[in-house]
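# Inside the fold
Chain residues, written in single-letter form:
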Amino acid sequence: MTHDHPAAPDRAVSRPFGRLLTAMVTPFTASGDLDLAGAVRLAEHLVDEQGNDALVLNGTTGESPTTTEAEKETLIRAVVEAVGDRARIVAGVGTNDTRHTIELAASAEKAGAHGLLVVTPYYNKPPQSGLLRHFTAVADATGLPIMLYDIPHRAGVPIDTETLVRLAEHDRIVAVKDAKGDLIATSWVLSRSDLAFYSGEDALTLPALAVGCVGVVGTSTHFTGAQTKQLIEAYEAGDVDTALRLHRRLLPLFTGIFRTQGTILVKAGLAAKGLPAGPVRPPLVDATADELAQLRADCAAAGLDLPE
C-alpha cells in the first residue's frame, strides 16, 4: 500500500490523543445559529479548566447530524485557532457514505484538525468487508491520524475483532473510541495490535484502563474532566485505591448524563453554569425542568455543584 500523504505520528506513541478527550457540544445562539464565540469560550474552558488533552468536534454530541458542512469547517477553524496550541482537535467526519466521509475528512484537514474520528457507517449495516473497505479508503485519502468509533448500539453493526486487527495495519489508523461495552473483545484487539483504545463509555473508564485502554472520550467530562483525568493519572501511577474512589464518586454523573440523550443534558448543565450552550436543534428537544432537577441531583451525588 502506497500513500502520497505525510506519515502518521510514530505508532510507538501510546496515547496519540492524550488521556482525556471530551466530545464537545456545539453551542448555538438563541435563534439556533452557530455560536462561534461561545464555542471558543467553551473550548477554552474544557482545555484550560477541565484539563482536556483533546477535543472532539462535530461528533454526535456536537449535533453533527444537524450541522452543515460549512458550519463544521468554520467550527474547526475557530477552535483550532483558540486552543490548538495546547490541545489536539479531532474532527468527527464519519457518515454512512464513504465518498461523503472522505469529503468531510478533506474539509477537516484543510481547516486545521489534528485528527479524525470516523464512526462505523450507520443504518445501512455493511458487512465486515465493507467496513474494512470504508475505513481503509478514508485513511488512504487523508494525512491525519484516525480514531475509529465502534458504537454498535447506534451504528447497527460492530467492528469485529478481526476487522480491527486488520485495520490496525494501516499507518494512519491509530486509535479506537470503544463504545462496544465488551471488554473481552477489547482485550483481544489490544493483545493483537498497537491500537490505542479510549473508552467511549464514561462509566467504563476505570475498567477499560484495567485491560489496557489509555483514556476516555467523554460526555460527562464537560463537568467531570478534572476529576476524570485525576482518575486516569492515579491508575497509571499505581494508585488504584484513589482511582477506584474517584470512579465510585463520579459514577452518578458518568451514568446520569445519559438519562436522556447526552447532548440535551450537557447543554442544560452548561447553561446552568453560565457557560455557552444554547438550545439543541430538532429533532432533539431541550431538557425539561424535571430533567434539569435530576441532573442537579446527579451532580450533587458526584460531589459537583450545578447552580440553581
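This is a predicted model, so every value here is computed, not measured.

## Things to note about the overall build of the chain
When you go through the chain residue by residue, the secondary structure sums to twelve helices and eight strands. Here the C-alpha radius of gyration of the chain, 18 Å, is about what a compact globule of 308 residues would show, namely 19 Å. When its C-alpha atoms are laid out on the principal axes, the chain stretches across 55 × 45 × 35 Å. By residue count, 55% of the 308 residues in the chain fall in the buried class. Summing over all exposed atoms, the chain offers an accessible surface of approximately 12600 Å²; the carbon and sulfur share of this is 52%. Across the chain, the centroid of the 27 positively charged side chains sits 1 Å from that of the 38 negatively charged ones.

## Brief notes about unusual backbone geometry
The phi angle of most residues is negative, glycine excepted, and most peptide bonds adopt the trans form. Here the residue pair Pro282 and Pro283 is connected by a cis peptide bond, since its omega of 15° sits within 30 degrees of zero. Mapping Pro283 onto the fold places it in the loop between helix H11 (262-272) and helix H12 (289-301). The backbone phi angle of Glu63 is positive, close to 60°, even though this residue is not glycine. Given a relative accessible area of 2%, Glu63 falls into the buried group. One non-glycine residue with positive phi stands out, namely Tyr123, at about 75°.

## Observations concerning the confidence of the model for the chain
Scored by pLDDT, the chain has a mean of 95; 96% of the residues are at 70 or more. This stretch, residues 1-13, has a pLDDT under 50; its non-local contacts, to residues over four places away or in other chains, come to 23 contacts.

## Some points on the environment of Leu304
For Leu304, the position within the fold is in the segment after H12. The buried category is assigned to Leu304, whose relative accessible area is 16%. In sequence terms Leu304 and Thr255 are 49 residues apart; their C-alpha atoms lie 14 Å from each other. The contacts of Leu304, once residues within four sequence positions are left out, are Phe223, Thr224, Gln227, Arg249, Leu253 and Cys299.

## A few points about the pattern of salt bridges
For side chains bearing opposite charge, pairing can occur when the charged atoms are close. Under the definition given, this model contains twelve salt bridges. The partner of Glu236 in a salt bridge is Arg15, and the shortest N-O contact between them spans 2.9 Å. With a gap of 221 residues between them, Glu236 in helix H9 (residues 221-236) and Arg15 in the segment before strand E1 (20-23) connect regions that are remote in the sequence. Looking at Glu236, the relative accessible area reads 32%, which means it is partly exposed. Across the pair Glu63 and Lys267 runs a salt bridge, and its minimum N-O distance is 2.8 Å. In this pair, Glu63 sits in the loop between strand E2 (54-57) and helix H2 (69-83) while Lys267 sits in helix H11, placing the two residues 204 residues apart along the sequence. Of the two residues examined, Glu63 and Lys267, each falls in the buried class.

## Brief notes about the UniProt feature "binding site: pyruvate" (unreviewed entry) in the chain
Within this structure's numbering, the places UniProt gives as "binding site: pyruvate" (unreviewed entry) are Thr61 and Val217. The largest pairwise C-alpha distance within this set of annotated residues, which runs over 157 residues, is 11.0 Å, so the set is compact in three dimensions. Turning to its location among the elements, Thr61 is positioned in the loop between E2 and H2. Judged by relative accessible area, Thr61 falls into the buried class, the value being 13%. Beyond its immediate chain neighbours, meaning those up to four positions away, Thr61 contacts Ala23, Met24, Val25, Thr26, Thr219, His222 and Thr263. For Val217, the contacting residues outside a window of four places in its chain are Leu21, Ala23, Val56, Met147, Lys177, Tyr198, Ser199, Gly200 and Asp202.

## Here we look at the packing of aromatic side chains
Counting across every chain of the model gives zero aromatic pairs. Positioned above the aromatic ring of Phe28, the side-chain terminus of Arg281 is 4.1 Å from the ring centre.

## What to know about the pairing of strand E7 (residues 196-199)
On E7, burial covers both faces: Ala196 and Tyr198 on one face and Phe197 and Ser199 on the other are all buried. Here strand E6 (residues 173-178) runs beside E7; their pairing, made up of four bridges, is parallel. Paired with Lys177 across the bridge in E7 is Tyr198. Tracing the backbone out of E6, into helix H7 (residues 183-192) and back to the parallel element E7 gives a crossover that is right-handed. Bridge count for E7 against strand E8 (residues 215-218) is two bridges, and the pairing is parallel. Within E8, the residue paired with Ser199 across the bridge is Val216.

## As for the nonpolar core
Counting 60 residues, the largest nonpolar core has Met24, Leu55, Val79, Leu116 and Leu148 as its most contacted members. Looking at this core, the element that brings in the most residues is H2, giving six residues. If we ignore the near neighbours within four places in the chain, the residues touching Met24 are Ala39, Leu42, Ala43, Leu46, Leu55, Val56, Leu57, Thr61, Gly62, Val79 and His222. Core analysis: the next-biggest nonpolar cluster, separate from the first, contains 18 residues, Ala54, Val90, Ile151 and Val214 among them.

Basis of the calculations
- Residues numbered from 1 in each chain as written.
- Predicted model: local features only at pLDDT ≥ 70, side-chain atom pairs only at ≥ 80, totals over all residues.
- Heavy atoms only, no water.
- Helix = DSSP H or I, 4+ residues; strand = E, 2+ residues; numbered from the N terminus.
- Rg over C-alpha atoms; globule rule 2.2 N^0.38 Å.
- Buried < 20%, exposed > 50% of the residue type's maximum accessible area, 1.4 Å probe, protein only.
- Areas by Shrake-Rupley, 256 points an atom, 1.4 Å probe, with all protein chains shown as cover.
- Lys, Arg positive; Asp, Glu negative; His and termini not counted.
- Charge placed at Lys NZ, Arg CZ, Asp CG, Glu CD.
- pLDDT = per-residue confidence, 0-100.
- Contact = heavy atoms within 4.5 Å.
- Salt bridge = Lys/Arg side-chain N within 4 Å of Asp/Glu carboxyl O.
- UniProt positions renumbered as here; feature names shortened; annotations may be inferred.
- Phe/Tyr/Trp six-rings, centres within 6.5 Å; stacked < 30°, edge-to-face > 60°.
- Lys NZ or Arg CZ within 6 Å of the ring centre and 35° of its normal.
- Pairing = 2+ DSSP bridges.
- Right-handed = clockwise from strand over helix to strand, strands pointing away.
- Core = buried A, V, L, I, M, F, W, Y, C linked by side-chain atoms within 4.5 Å.

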